[in-house]
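# Summary of structural features
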Amino acid sequence: MPSTLFVLLLLAASCSLGRAMSRDEKLKLRNQVVEMFDHAYQNYMDHAYPADELMPLTCRGRVRGLEPSRGDVDDALGKFSLTLIDTLDTLVLLNKTVEFEAAVRRVLSDVRLDNDIVVSVFETNIRVLGGLLGGHSMALMLKEEGHHMRWYQDELLHMAKDLGLRLLPAFNTSSGLPYPRVNLKYGVRGPETRTGTETDTCTACAGTIILEFAALSRFTGDPVFEAHARRALDFLWEKRQRNSNLVGTTINIHSGEWVRRDSGVGAGIDSYYEYLLKAYVLLGDDQFLQRFNIHYASIMKYISQPPLLLDVHIHKPLLPARTWMDSLLAFFPGLQVLKGDIRPAIETHEMLYQVTKKHNFLPEAFTTDFRVHWAQHPLRPEFAESTYFLYKATGDPYYLEAGRTIMENLNRFARVPCGFAAMKDVRTGSHEDRMDSFFLAEMFKYLFLLFADPGDLRFDVEDYIFTTEAHLLPLSLSTAPYAPSVLTNRTMPPLEQELDDSNFDWTCPNTRLLFPDPAFPHNLREPIRSAVDKSCPRPAPYREPGMGAPPLRAQDFMANNPEHLELLRRMGVSLIHLKDGRVQLVQHATQAVSPIAAEDGVRFMQEMMELSSQQQKEQLPPRAIQIVSHPFFGRVVLTAGPAQFGTDLSKSSTGVRGFVTVAEPYSGCSEITNGEYVRGHIALLQRGQCMFAEKARHIQKAGAIGGIVVDDNEGSSSDTAPLFQMAGDGRNTDDVTLPLLFLFHKEGNILLEALKEHREVEVLLSDKARDRAAIFKGKTLPGSLFEGSSDVHEVEEDCQTEATSPAASELEATSPPDDQDGAPAYGEDVSPTEADAPKVDPGEKKELEVDEDDTGQSVDRLLADWRDDLEAFRQMEKDEL
């Protein structure tokens, strides 16, 4: 099938419900894009050239070796005027042909490629080699027009071949996978050239070569470059996990063993998938499409949880590998457009758009409930890229408004006098002295194309394929002669024997048939946008008599109620079980049984967000449960989660002290039947089946002086999960006057085991661990507990660490595990806070002596677990979470 047919899917479809943007508005925005580009480009030329990049805060160039090292980020810099080369074809696209001709002359006269410097093979390939080839393609086009570049004699192509030859030594490995770095002057010679010592590379680093190397081979007639790129792709395909058909993130370039076995569509893998599909488009080789389709089916089966894209383990693809996403996956909706799978592209893009509107930019990483995980934003263009492709596929003016948002945020928050500065923290708006070359190479291309009409362009972009750096390679290369090289890894089974061709769609989708209903894209976006926005719930739709009972309200929802779950299903609300035991609620209006049910689902999600917002207004620090009875005597402190209702322990100088007893029923969700034992004691309860506030009311009615809720999610621990605040039930909780604290399963089990081994266990509930002298109020301290120990009258200062884990969702309603305390989900899991580390006396390192011989082993086991907790907390202090 001719590769040129594939780009037909980019033809715009019929308009949707969005307000059409006038030609004058588009023209104004297009001109604004050009003005923004001029601001960035001219400042680079004035203040940075011939340096690789501009430092926009200090208005000078970034020269490697003269500025403090930034680690691997600096491997993109090779003292070859990176930004100028990366920007060449952008100049032509924006109709700056005079500037382009001047820039080409500068590159030819000033740029050297034989520098004694170690660079990233991946970055140099996509930015410099791609930039030279894109510039060469534009120069040929302009020369053919006859008005510009008539002097051009393939000089950029000669530079590109020179650079390609300098990159080739990196491919001299037994596997064919390239070393991640190469010395431009000396190649890969070992430690003396600071190369050849690496053993690992990322999948994208090895799999994002084929477009540039194949184009170089087709332009020059030398097949060696394309052969090496194909060999690397063949090896990655051979090493895929055969059951899941996924690839890992990092691979050993010698053995082919996966070093990091997590798999996703973001950092480390992203452009590998992109280049498989685009290699088919550019080169017309069916094998690339076959491989991509097999990978894509696995991505949609395991990684895609619309609108989320979550990493999994390649050997256990049903097991999530992490609960956050990185911003590089924002390219994926654009790739799905090229594939023709528009629906999930719309959904994921809408999620990304809402995160962008919430934080002004996409954070470098964000959690599954759309909070900041890594706060940086280096002006990445991937979201703008997907916005452009979705507009091309749908013709929906909604995406023009998304582009306007991108531009406004860049001008409001990133623009500085000498260019545009990367965001150091999207939460505070602080800047970083950095303007990467990809900002000029990609961002302004996609924004200009978004607002441009066909008549605004010097050439038809449908005749070109965009590389991952948005460089333009002509589709005519598919007809260029190519002689396959003899390079091979080993005898590989014919693809036809592995694959069933019936699984592949060999035709290009017609976007007009994809959208027979103009409202289709709007209907996909609306539930996602409504769930993220914290707007007031919409008025209830009119219900004619006999149309059924009123819809389920968020404040009444109970996650363990089968009737409620069935109502959610009818409203198009589905539950996603997360690794940490929580449940996320996501609504798809198209899955509702009726339009009214879909509207009910939208309102339910909005109410859940509103309830969550109300419950998170007050963020409280963790509390402490200190075991003060024999044989612990205050030395064991368990970190507990607070409640947003009941006694505020931070206002109590003494805390609440009492003996613990297990409530019956253990759930605490009905009247307490062992009230005579609970009265005057601290009741132990199990999480689940009803709201926390309901549990508190029941034990308070039975006469308890406090309560401790133990997590029913086996294996949960404050070592690995964030503490959360127990919120109310959406109603007034002023009637609850006792303190209620929460323990994860591991910490709760320490308390339960102590109660099992000893008849009476006394604890102190307080805002932080108390000095033993204060606990025993001048009484003789039990110093004989440990051999050789002496009384310690001071405890260590509180050690605190901050957990950066997800809290309540903005887009998805996050619920507790299935049988947790009813819902609304946000009645429980709210923002993590600082966690107090356990406190310990020096004597804790000694062997434990107890009077009862038969209990010593059990207490030893408890304290061993506690020591593990202490070590985990100490480690957390060293880590940046």
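Up top is the structure these notes are about.
The rules behind these values
- Residues numbered from 1 in each chain as written.
- Predicted model: local features only at pLDDT ≥ 70, side-chain atom pairs only at ≥ 80, totals over all residues.
- Heavy atoms only, no water.
- Helix = DSSP H or I, 4+ residues; strand = E, 2+ residues; numbered from the N terminus.
- Buried < 20%, exposed > 50% of the residue type's maximum accessible area, 1.4 Å probe, protein only.
- Areas by Shrake-Rupley, 256 points an atom, 1.4 Å probe, with all protein chains shown as cover.
- Pairing = 2+ DSSP bridges.
- Axes fitted to C-alpha atoms, helices over the stretch in contact; angles between N-to-C directions.
- Phe/Tyr/Trp six-rings, centres within 6.5 Å; stacked < 30°, edge-to-face > 60°.
- Parallel < 35°, antiparallel > 145°, perpendicular 65-115°, else oblique.
- Left-handed = near helix turned anticlockwise from the far one by under 90°.
- Contact = heavy atoms within 4.5 Å.
- Salt bridge = Lys/Arg side-chain N within 4 Å of Asp/Glu carboxyl O.
- Nonpolar A, V, L, I, M, F, W, Y, C, P; charged D, E, K, R; others polar.
- Disulfide = S-S within 2.5 Å.

## Quick notes on the overall build of the protein
Helices and strands together make up the secondary structure of the protein, namely 25 helices and 32 strands. A burial count over the protein gives 61% of its 881 residues as buried. Per element, the accessible surface of the protein, about 33,700 Å² overall, is 49% carbon and sulfur.

## With respect to the sheet that holds strand β13 (residues 365-367)
Spatially, β12-β13-β14 is the arrangement adopted by the 3 strands of the open sheet, whose pairing is antiparallel. A strand with exactly one partner marks an edge of an open sheet, and here the two such strands are β12 (324-326) and β14 (372-374). For this sheet, the mean inter-axis angle between neighbouring strands, taken without regard to orientation, is 30 degrees. Both β13 and β14 contribute to a ladder of 2 bridges, which runs antiparallel. Its bridge partner lying in β14, alanine 365 is registered against tryptophan 374.

## Regarding the pairing of strand β17 (residues 422-425)
Pairing between β17 and strand β18 (residues 430-432): 3 bridges, direction antiparallel. Looking across to β18, one finds that alanine 422 is bridged to glutamate 432. What sits between β17 and β18 in their antiparallel hairpin is a turn of 4 residues, with glycine 429 showing a positive phi close to 80 degrees.

## A closer look at the packing of aromatic side chains
For the structure shown, the criterion picks out 27 aromatic pairs. With centroids separated by 5.4 Å and ring planes inclined at 55 degrees, the aromatic side chains of phenylalanine 420 and phenylalanine 439 adopt a geometry described as tilted. One end of the pair, phenylalanine 420, is in strand β16 (residues 419-420); the other, phenylalanine 439, is in helix α15 (residues 437-451), with 19 residues separating them in the sequence. By the burial criterion, phenylalanine 420 is buried, and phenylalanine 439 matches it.

## So, the packing of helix α11 (residues 332-339) against helix α12 (residues 342-359)
Pairs of packed helices are described in terms of their axes, by the angle between the two and the distance that separates them. It is the contact of α11 with α12, at a shortest axis distance of 8 Å, that shows an interaxial angle of 165 degrees. Taken together, the axis directions place α11 and α12 in an arrangement best described as roughly antiparallel. Considering only the axes of α11 and α12, their crossing is left-handed. Touching Pro333, Gln336 and Val337 of α11 are Ile342, Pro344, Ala345, Thr348, His349 and Leu352, all from α12.

## Here's the deal with the pattern of salt bridges
Any two side chains of opposite charge can pair, on the condition that their charged atoms come close. Counted by the stated rule, this structure contains 41 salt bridges. Put simply, arginine 181 and glutamate 198 hold a salt bridge, and the shortest N to O gap is 3.4 Å. With arginine 181 in strand β4 (residues 181-183) and glutamate 198 in the loop between β4 and β5 (200-202), this pair connects stretches of sequence that are 17 residues apart. For glutamate 198, a relative accessible area of 13% gives the class buried.

## Remarks on the sheet that holds β5
With antiparallel pairing, 3 strands are arranged side by side in an open sheet as β5-β6-β7. Lying at the two open borders of the sheet, with one neighbouring strand each, are β5 and β7 (258-260). For this sheet, the mean angle separating the axes of adjacent strands, direction not counted, is 35 degrees. Judged from the 3 bridges that link them, β5 and strand β6 (residues 250-252) form a sheet pairing that is antiparallel.

## With respect to the packing of helix α14 (residues 398-414) against α15
Where α14 contacts α15, the two axes come as close as 10 Å, and the packing angle between them is 140 degrees. With respect to α15, the element α14 is oriented oblique. α14 and α15 meet at a crossing whose hand is left-handed. For the pair formed by α14 and α15, the contact residues are Tyr399, Leu400, Gly403, Arg404, Ile406, Met407 and Leu410 on the first element and Phe439, Met443, Leu447, Leu450 and Phe451 on the second. Here the residues of the contact of α14 with α15 are counted per class, giving 10 nonpolar, 1 polar and 1 charged.

## Topic: the state of the cysteines
Summed over all chains, the structure comprises 3 disulfides. Between the sulfur atoms of cysteine 202 and its disulfide partner cysteine 205 the distance amounts to 2.1 Å. Given an S-S torsion of about 90 degrees, the disulfide between cysteine 202 and cysteine 205 has right-handed geometry. Between the sulfur atoms of cysteine 669 and its disulfide mate cysteine 690 the distance is 2.0 Å. Measuring handedness by torsion sign, the sulfur bridge of cysteine 669 and cysteine 690 sits at about -85 degrees and is left-handed.

## Examining the pairing of strand β29 (residues 762-766)
With 5 of its 5 residues buried, β29 lies for the most part within the structure. Alternating residues of β29 divide into Glu762, Leu764 and Ser766 and Val763 and Leu765, and every residue in both groups is buried. Of the strand pairs in this sheet, strand β23 (residues 623-627) and β29 are connected by 4 bridges, and their pairing is antiparallel. Among the inter-strand pairings, alanine 624 is bridged to a residue of β29, identified as serine 766. Bridge analysis of strand β25 (residues 656-662) against β29 gives 4 bridges, and the strand direction is antiparallel. Counted as the bridge partner of glycine 658 is valine 763 from β29.

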